[in-house]
Amino acid sequence: MRIHIAADHAGFELKQHLKAHFDAAGHDVVDHGAEEYDAQDDYPAFCISAAEGVRDEPGSLGIVIGGSGNGEQLAANRVTGIRAALIWSEETARLARQHNDAQVGSIGGRMHSLEDATAIADAFVAEPFSGDARHQRRIDAMTSYEKRR
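What you are looking at is a predicted structure, and each value in this text was computed from that prediction instead of being measured.

What counts, and where the lines are drawn
- Residues numbered from 1 in each chain as written.
- Predicted model: local features only at pLDDT ≥ 70, side-chain atom pairs only at ≥ 80, totals over all residues.
- Heavy atoms only, no water.
- Axes fitted to C-alpha atoms, helices over the stretch in contact; angles between N-to-C directions.
- Helix = DSSP H or I, 4+ residues; strand = E, 2+ residues; numbered from the N terminus.
- Parallel < 35°, antiparallel > 145°, perpendicular 65-115°, else oblique.
- Left-handed = near helix turned anticlockwise from the far one by under 90°.
- Contact = heavy atoms within 4.5 Å.
- Buried < 20%, exposed > 50% of the residue type's maximum accessible area, 1.4 Å probe, protein only.
- Pairing = 2+ DSSP bridges.
- Right-handed = clockwise from strand over helix to strand, strands pointing away.

### What to know about the packing of helix α1 (residues 12–24) against helix α5 (residues 114–126)
Step number 1: Where α1 contacts α5, the two axes come as close as 11 Å, and the packing angle between them is 55 degrees. Classified by the angle their axes make, α1 and α5 are oblique. Considering only the axes of α1 and α5, their crossing is right-handed. Counted together, Glu13, Leu14, His17, Leu18, His21 and Phe22 of α1 and Leu114, Ala117, Thr118, Ala121, Asp122 and Val125 of α5 form the full contact between these two elements.

Structure representation (structure tokens):
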């Protein structure tokens, strides 16, 4: 699977860890930055770039990382066609995929240990969309609104 990943300074250490982890698991990882630790960098450009990568490569997924994951999720959701979810536990990661067909998961690097964040990211990447009609209906309603505006 191709995984687009991005982080600002607050998520930089976790991003580097997840890149190595996903690469070792046989995934194709595309790094959208930051390329080096810079305490003054800003997450929007990195997260938007990762979300655009996911949008442009159907079937790929994304992981965006910051301090809390909140702003990173908001930035990724600015990309038309992207559903990004804040994933803060293995259960929320699985539900984001099962129920919302989220293509991007956002993790707070300051909120979890490397071990817990890795388990959350793994759960997100491994879980398929359920395809359940009620979940698809809700996704279709959001997509319809997005196209109208």
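### Points about the pairing of strand β1 (residues 2–7)
Step number 1: Most of β1 is tucked away: five of the six residues are buried.
Step number 2: Bridge analysis of β1 against strand β2 (residues 28–31) gives four bridges, and the strand direction is parallel. When the bridges of β2 are listed, Arg2 appears paired with Asp28.
Step number 3: Remark: the β1/α1/β2 crossover connection has right-handed handedness.
Step number 4: Sheet topology note: the β1/strand β3 (residues 61–66) ladder contains five bridges and is parallel. Within the sheet, the bridge partner assigned to His4 lies in β3 and is Gly62.

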